[in-house]
Amino acid sequence: MGLASLRMIHVTTTTFWLLQSLLGQSVRGALKSVTVGVSVASVVAILLILPMSLLF
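Draft legend 1. The arrangement of the side chain of Q20 in detail. Here Q20 is to be found in helix α2 (residues 14–23). Relative accessible area serves as the criterion here: at 17%, Q20 is assigned to the buried category. Q20 has contacts with Q25, S26, V27 and A30, leaving out every residue within four places of it along the chain.

Given below as C-alpha cells:
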C-alpha cells in the first residue's frame, strides 16, 4: 500500500512545492526531477519487498 502511494507525490503535495522552491526550478523541471526520484524509490522498494514476501 505505501509503495503505491509513493508514486502519487506530484503537484498535489506540499513536498512537491517545497522541493520546487528549494531547487529553484520551474514547475516543469521540478516535475521531471520529482518523477525520476520517486520512480527510482518505487523500483528499489518493490525489489526489496518482493524477496521478503517470499520469505515470510
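Draft legend 2. Here's a closer look at the environment of F16. Relative to the assigned elements, F16 resides in helix α2. Residue classification places F16 among the buried positions, given a relative accessible area of 1%. The spatial distance from the C-alpha of F16 to the C-alpha of V27 is 9.2 Å, given a sequence separation of 11 residues.

Conventions adopted
- Residues numbered from 1 in each chain as written.
- Predicted model: local features only at pLDDT ≥ 70, side-chain atom pairs only at ≥ 80, totals over all residues.
- Heavy atoms only, no water.
- Helix = DSSP H or I, 4+ residues; strand = E, 2+ residues; numbered from the N terminus.
- Buried < 20%, exposed > 50% of the residue type's maximum accessible area, 1.4 Å probe, protein only.
- Contact = heavy atoms within 4.5 Å.

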